[in-house]
Structures are given as structure tokens and as C-alpha cells.
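The primary structure of each chain is shown beneath.
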There are 2 protein chains.
Amino acid sequence: MTYERSNIASMTGYASGEQPDDPQTIKLNTNENPYPPTPSVSKILADIDPMALRRYPPASSLAFREAAAKIHQVDTDNIIATRGGDELLRLVITTYVEPGQTIGMSDPTYSLYPVLAQIQACPIQREPMTDDWLLRDNFAARMNEIGAKLTFVVNPHAPSGSLLPIRRISEIAEELDGLLLLDEAYIDFVDHDYPTIPLINQFDNLIILRSMSKGYSLAGLRFGYGVAAPSLIEPMMLKTRDSYNLDLIGQKIAEAAISDQPHASETWSKVIGERARVAHSLKEMGLYSSPSQANFILVTVPPSMNCSAGTIYQKLKERHILVRYFDDTTTADKLRISIGTPSENDALLSALDNILHQ
Amino acid sequence: MTYERSNIASMTGYASGEQPDDPQTIKLNTNENPYPPTPSVSKILADIDPMALRRYPPASSLAFREAAAKIHQVDTDNIIATRGGDELLRLVITTYVEPGQTIGMSDPTYSLYPVLAQIQACPIQREPMTDDWLLRDNFAARMNEIGAKLTFVVNPHAPSGSLLPIRRISEIAEELDGLLLLDEAYIDFVDHDYPTIPLINQFDNLIILRSMSKGYSLAGLRFGYGVAAPSLIEPMMLKTRDSYNLDLIGQKIAEAAISDQPHASETWSKVIGERARVAHSLKEMGLYSSPSQANFILVTVPPSMNCSAGTIYQKLKERHILVRYFDDTTTADKLRISIGTPSENDALLSALDNILHQ
């Protein structure tokens, strides 16, 4: 017999990008930052006293939250630290969405959202986007119509990298009857000043997600955080979060990483520069991408090419270069390619040139 | 307005034991192991390449699971690695218990269970125990009567440290209509051979929880695991677990710790020896405890004493010694005291002697 709940039995789970064991593989499939994290990491690891590990860690990640609050010029009680952005997404659903209530999102979007909705037995509603991968003007109105208790907006958008004007974020937060989860996992790669955090003082229904995985080169650490009004943060901090959700070592490294803004910014600038170069070179090969403000680009393989997107994905993989191919209706002719180091990007461009002209 | 779900709004959350900043405090309140973790920890920390942190960690903690499977002589697919035992408890509820279904447990028990039930909007049923802190003979029958979809049994029991015979575990698993979560967070401190893991091959409704926090001196790492039939492990691995639930550093340290059984066993022996000594000395002061197989003892303060349990807790705290006082009906005259190093235990005994005879 199965003991699973019916909503769990009927779901398939989240498929994350491939993580090959082979260290020679060029990984441009999971949007990791190609540059190392802050040099402080080595010192922190060297300074960890193993004896300190026998005790429970600081329960609320206070030192990290203070550092993040300082960077963002908000209060510590505006911040919750979580195990990657993923834990924040789950906590928001657990805390604020009853089983059976609808969760809204764009189509396409980050593929974890529907999975988390299924776990809570919540129906989802997906709204199509414009041809430029932006939310349609009636997005918030549609969310209200379908009674969305929670709406997920990933901005810069995944998998396209498109960016909404801040004014649009305000309008959507203002108009929505329910909560707005603004997923800013890729925000660090925007090439101009883009201050959304102050919006949390204006809207008591807005939760902003930040991640240390991409911007701070710490995907292996599992650390993220949420920024919102204290009324939204507190129930997650005191009630629904696993007690001691973050380990001692992770808290120390994340605190050092967010405090070293100069190091992180330098990696962002390098990625932004390479993003422009890669997009330009791909365009010269006939592979167009819409403008991206993230650390990846979504490339369209036109029907006139001698290869489909799926075939190119396979042929790159044979050459030990991984990119991401989503085999669904809106993206079946596209590849999402993370921006790597200059030499990784060169290897990609050269392999693509070879595949398309063989 | 509040956006919280009604079940969340009406709950208060889990209160973990105090974690003072003062390093001079003698902490005998949260059952941490007083001895350091495996000496391999320092080498692992020194060998971490910060560049490796920029990539996502192994998603399923395979190397740790292989090491744990080898120790327990089960298959890798019998094991799920989790962020402390707490994540496993949550995953079992999320995966197997519908909101509204009843969760059963003894009274008293680990105080996190009712909190996790509230988060899932599940009613709970608490069954009183015998005077020796054992489950009554009709425990499983009662759980079936009230329709428990899931029953939590912590063994050794918290907060008393009592241990059920293995035969009783079998009988309960056999008789229960629903799932049995056997929480073995303290099992490493049992003073004799006590093989429960093979029971998972016999019962497809049994999930055994293990923790690295106490037995392996790694409370700061947040690492635990579940052992069960693959049919129970798989839905949690593939569907309800946060993708990448464990970070790279934690996986490496936990793997080394579980593989160094000689080191861990030595800490267990020392704690077991001190447990007997502390219990004996307390008894001579008139403070009785029932036999404990955990790394703590539950001491009763008799009405004839000049101090109540609450007062002793306060007076110890003034002397920078923390023990745990649960102010509820079944334990209001008791203190739960973790076993520390010999010198910590001496300080406790001397302070108690002083408090009781002043």
C-alpha cells in the first residue's frame, strides 16, 4: 500500500539541472557564478573551531541578518535568512497559502514554483507573457480575478533574463489582493541601479527573495534570505521555519560574503561584460536572444537552422559542455545558457560554430 | 490585515532551549555532546576549495548516504539525509499526513511534534505514559482508535531517557494502522546493543530518525537522516524535500563523522559513565531520576525540598549553569539535565549542593 497523500502521489517532483561528476565539464546549465566567492571564505574555514560545531548554531542567524540589513538599509526584523531561496519559497506557501487556494505565476517561469504548489495541494494559474518575456498589463487584474492568494514573479525573469521596470513592480504590488513574492535570485546581474528593496516599506504584501547562490558564488552553501515588512517576516521566523534552519559554518561564510560587496560586484561586472559579448557572438551565428539582465541568456534556435535546440543541447553535451534545455511548449526551440568565464564562453562559441557548420 | 493562514495565526511556535552568548556558561540544557566531533573535521575544513562552493552541492547527499548505509548494513535507498532530524519530521508530515488528519504521540514527548502538527493543521492526540515513562500496553490500540495517520515515538524517550524493549517497538509497528516515526535522536547513548534498524526490513510503515547533533557532536552542522523502506524514503527524496537540502561542507563533515565510529563511540562511553555518576550523586542529595539511556536525566524535585524545580533552575542560571525546565503539568516538578564533561558535572553537583543547603 502507499501511505502518500494523494497530492504527493500524483506529482513528479522538481528536476534540477544536471550536476556531472566530471570536473572537466563546462557547466553553463545551472546559472552558477563562474568566479570564486569572497577570499574571506578560506580564512573563515581555517578559523572554525570544531568544538564550536558540537553546540547548536545561532537560531535566528542574527549576525548575517544584521549584515544584510546594513547593506540594504533596512532593519534586522525586515530580514529572514533561509536555506537558499528555495526554503523561503516554501515558507511563504506554508505560512500564507491554505491548501486549495490558488497560486499565480507567469508562463514560463521558475519550474520549482508549480512543484511547491503541488506539495501544498494548491492549484496554480499561469499567465502568458508578452513576446518580450514581460508581464502583460492585465497580469495583476488576472491574478485578482482568479483569486490568487500568492503570486510569484521572478525578476529578472527566468528563463529569459528580461527585467520589469520598477514602476511595474509597484503597480503590481499595489493592485494585487494577495501576496507578491518577488524572486530576485538574479538581481545582482542587472547592469544599472535598480532599487526595489525600499518598496517593502510601501507594500505590506511584498516579499523580496534574495539568494547567495549566484551573486555571491555560493550555490554550494545553500543560503538565501527574504526582505519584507516585519509583519510578513515574523510568522516565518517564529513559527514555520525549522528551528535552527541554518548551520554555523554557513552563517559565518554568508555573513562574510554579503559584507564583501566590492568582491561580489567585481564578479557581477565581469559576468555583465561577458553576457554582452556572448549574446553578440551568438547573434552573428543567427542565434538570437532577448535582452537579459541575468547571468544567463535564452537563445532561440530558428527553424531555418540545420539543428533543433534539443539536438544542439545533445551535441554540446557530447563535447562536455552543458546548457539547459526545457522541453516544453513555450521553450522547445530555445536553450538557456549560463554566462561562464571568458574561456568557458569561448569554448561554447567555438563548439556551437562547429555544430552549426558541420 | 494579516495574511497568515488561520492555523498559523493561532499557533505560538517552538521554543528552543536558551543559547547564551556568554562562553563561560555551563550549558546542560540542550543535550549537546560535551566532547568534540571527529578530528577529521579540521582536515575537511582545511581541504574545502572555496571555488567548489560556487557550484550546487551533490543534490542527494549520495556519499553521506552510502557511508550511513554501510554503517547500518542497509541499502543507500533506505536512507534520506536531512537538515537535522527536524527536517525529516517535517517531511514525513508533509508527505504522509493530510491537513486535518490526526497525529499521535505520548505525553510528555519532544515538544516540537505538536508544533509541526499545527503547521500542517493536524489535530494531535497525546497518550499518558506509565509512571516509568514507558508507553502503556494499549498505546497502539489507542492510536488506531483515534485514527492516527502518523504516530511519533521518541526512544530513548525525551525528556525522561527511558528506553522501550525492542520487542515493544515491533509490536507497535505491527499493530499500528498508520505510520510510526521512531525518533532515535538519543539512541547512541544506550549502554547495550540495541539493533532497531533491521526492523525497517520487516515493517513498511516504520521510519527511523537519526541525528548527527548529539551522538556525533555536530549540533552546529544541522545534519540528520532517516532510515526506512525505499517506498517511504523515495517520495521524500524525489518530491517533498527542498532540492539541494544539504550544503557541500555539511555533507563532507557528516560523512567523515559517521565513518569515524571509534571516535564517536568513545564520546558515548564517556557520557554513559558520567550519566551513572551524576544520577548517583543527585540521588544522594534526594534528587531522584528514572533510569536514562539518553545523554540527559530527568530529575524530580520532591515537595519536601526547600526549593521548587523552577527555583532551582533560576538559582543555577544565576550561577551560569543552564538546565532545562519545562513548565507544564507532567514535568513542573522536574529538571532535565544534560550530561556534560566531568568538570561541568562537578560544577553542577556542587552548585546544587550549595543551593539545596543554603
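Residues numbered from 1 in each chain as written. Chains lettered and ligands numbered in written order. Predicted model: local features only at pLDDT ≥ 70, side-chain atom pairs only at ≥ 80, totals over all residues. Heavy atoms only, no water.

**Q** How do you make sense of the overall build of chain A when you look at a structure like this?
**A** For chain A, the count of helices and strands is 12 helices and 12 strands. Against the 2.2 N^0.38 benchmark of 21 Å for 358 residues, chain A shows a C-alpha radius of gyration of 21 Å, consistent with a compact globule. Projected onto the principal axes, the alpha-carbon positions of chain A cover approximately 60 × 55 × 55 Å. Buried positions account for 64% of the 358 residues belonging to chain A. Taking contacts inside chain A between residues at least 6 apart in sequence as the whole, the part at least 24 apart equals 73%. Counting only carbon and sulfur atoms, one obtains 50% of the accessible surface of chain A, whose full area is about 13000 Å². Taking the average location of the 31 positive side-chain charges in chain A and that of its 44 negative ones, the two points are 3 Å from each other. (Helix = DSSP H or I, 4+ residues; strand = E, 2+ residues; numbered from the N terminus. Rg over C-alpha atoms; globule rule 2.2 N^0.38 Å. Buried < 20%, exposed > 50% of the residue type's maximum accessible area, 1.4 Å probe, protein only. Contact = heavy atoms within 4.5 Å. Areas by Shrake-Rupley, 256 points an atom, 1.4 Å probe, with all protein chains shown as cover. Lys, Arg positive; Asp, Glu negative; His and termini not counted. Charge placed at Lys NZ, Arg CZ, Asp CG, Glu CD.)

**Q** Help me understand the sheet that holds strand β2 (residues 79-82) of chain A in this model?
**A** Pairing between the strands of a sheet is mediated by backbone hydrogen bonds and can be parallel or antiparallel. Residue and element names in this part refer to chain A. Taken in spatial order, the 7 strands line up as β2-β8-β7-β6-β5-β3-β4 in an open sheet, and their pairing is mixed. Strands at the two margins of the open sheet, each flanked by one partner only, are β2 and β4 (124-128). The sheet shows a mean angle of 25° between the axes of neighbouring strands, direction not considered. Pairing of strand β7 (residues 206-211) with strand β8 (residues 224-228) involves 5 bridges; the strand directions are antiparallel. Looking across to β8, one finds that Ile208 is bridged to Val227. (Pairing = 2+ DSSP bridges. Axes fitted to C-alpha atoms, helices over the stretch in contact; angles between N-to-C directions.)

**Q** Help me out: how do you make sense of the packing of aromatic side chains in this one?
**A** How two aromatic rings sit relative to each other is given by the distance of their centres and the angle of their planes. This model, assessed by the stated rule, comprises 18 aromatic pairs over all chains. Ring plane angle 70° and centroid distance 5.5 Å describe the contact between A:Phe64 and A:Tyr225, whose orientation is recorded as edge-to-face. Residue A:Phe64 is found in helix α3 (residues 62-72), and its partner A:Tyr225 is found in strand β8; the two are separated by 161 residues along the sequence. You'll find A:Phe64 and A:Tyr225 in the same group, each marked buried. The interplanar angle of 10° and the centroid separation of 4.2 Å between the aromatic rings of B:Tyr113 and B:Phe152 together place this pair among those described as stacked. With B:Tyr113 in helix α5 (residues 112-119) and B:Phe152 in strand β5 (residues 150-154), the pair connects residues that are 39 residues apart, well separated along the chain. Taken as a pair, B:Tyr113 and B:Phe152 share a single burial class, namely buried. An aromatic cluster is present here, built from A:Tyr14, A:Tyr110, A:Tyr113 and A:Phe152 joined pairwise through their rings. Its end group placed over the ring of B:Tyr35, B:Lys270 keeps NZ or CZ at 4.1 Å from the ring centre. (Phe/Tyr/Trp six-rings, centres within 6.5 Å; stacked < 30°, edge-to-face > 60°. Lys NZ or Arg CZ within 6 Å of the ring centre and 35° of its normal.)

**Q** For this particular structure, what's the right way to read the packing of helix α11 (residues 309-318) of chain A against helix α12 (residues 342-356) of chain A?
**A** Two numbers describe a pair of packed helices, the interaxial angle and the distance between the axes. Residues and elements named next belong to chain A. The N-to-C vectors of α11 and α12 enclose an angle of 120°; their axes lie 10 Å apart at closest approach. It follows from the interaxial angle that α11 and α12 lie oblique. Relative to α12, the crossing made by α11 is right-handed. Contacts from Ile312, Lys315 and Leu316 of α11 reach α12 at Leu348, Ala351, Leu352, Ile355 and Leu356. Classifying every residue of the contact of α11 with α12 by side-chain character gives 7 nonpolar, no polar and 1 charged. (Parallel < 35°, antiparallel > 145°, perpendicular 65-115°, else oblique. Left-handed = near helix turned anticlockwise from the far one by under 90°. Nonpolar A, V, L, I, M, F, W, Y, C, P; charged D, E, K, R; others polar.)

**Q** Got a minute to help me understand the relation of the copies chain A and chain B in this structure?
**A** Two copies of one chain are present, and they are related through a rotation about an axis combined with an axial shift. Superposing chain A onto chain B requires a rotation of 180° together with a translation of 0.0 Å along the rotation axis, leaving an RMSD of 0.0 Å. Such a turn and shift between the copies fits a two-fold axis. Of the residues that chain A buries at the interface, 99% are likewise interface residues in chain B, meaning the two copies contact each other through the same surface. (Least-squares fit on C-alpha atoms with pLDDT ≥ 70 in both.)

**Q** How should I be thinking about the pattern of salt bridges in this particular structure?
**A** Here the idea is simple: oppositely charged side chains can pair when their charged atoms come close. According to the stated counting rule, one finds 36 salt bridges over all chains in the structure shown. For the salt bridge of A:Glu32 with A:Lys27, the shortest nitrogen-to-oxygen distance reads 2.8 Å. The exposure class assigned to A:Lys27 is buried, which follows from its relative accessible area of 7%. Note that B:Arg5 and A:Glu98 form a salt bridge whose closest N and O atoms lie 3.5 Å from each other. Residue B:Arg5 is located in the segment before α1 (6-9), and its partner A:Glu98 is located in the loop between α4 (84-96) and β3 (103-107); the two belong to separate chains. Judged by its relative accessible area of 25%, A:Glu98 falls in the partly exposed class. Three or more residues joined by partner-sharing salt bridges are found here, namely A:Arg83, A:Asp247, B:Arg83 and B:Asp247. (Salt bridge = Lys/Arg side-chain N within 4 Å of Asp/Glu carboxyl O.)

**Q** What am I meant to see in the interface of chain A and chain B here?
**A** A common way to express how large an interface is: the accessible area buried when the components associate. On the side of chain B, 77 residues touch chain A, which itself brings 78 residues to the contact. With both sides pooled, the region where chain A packs onto chain B buries about 6300 Å², and carbon together with sulfur makes up 54% of that total. Counting every contact that joins chain A to chain B gives 8 salt bridges. Salt-bridge contacts for B:Asp247 lead to A:Arg83; the nearest nitrogen and oxygen are separated by 3.3 Å. Residue assignment for the side of chain A that touches chain B shows that the elements contributing at least two residues are α1 (6-9), α2 (40-47), α4, α5 (112-119), α8 (230-240) and α9 (248-259) of chain A. The element contributing the most residues to the side of chain A that touches chain B is α4(A), with 7 residues. Here the side of chain A that touches chain B is composed, by residue class, of 36 nonpolar, 22 polar and 20 charged. (Buried area = accessible area lost by both parts, 1.4 Å probe.)

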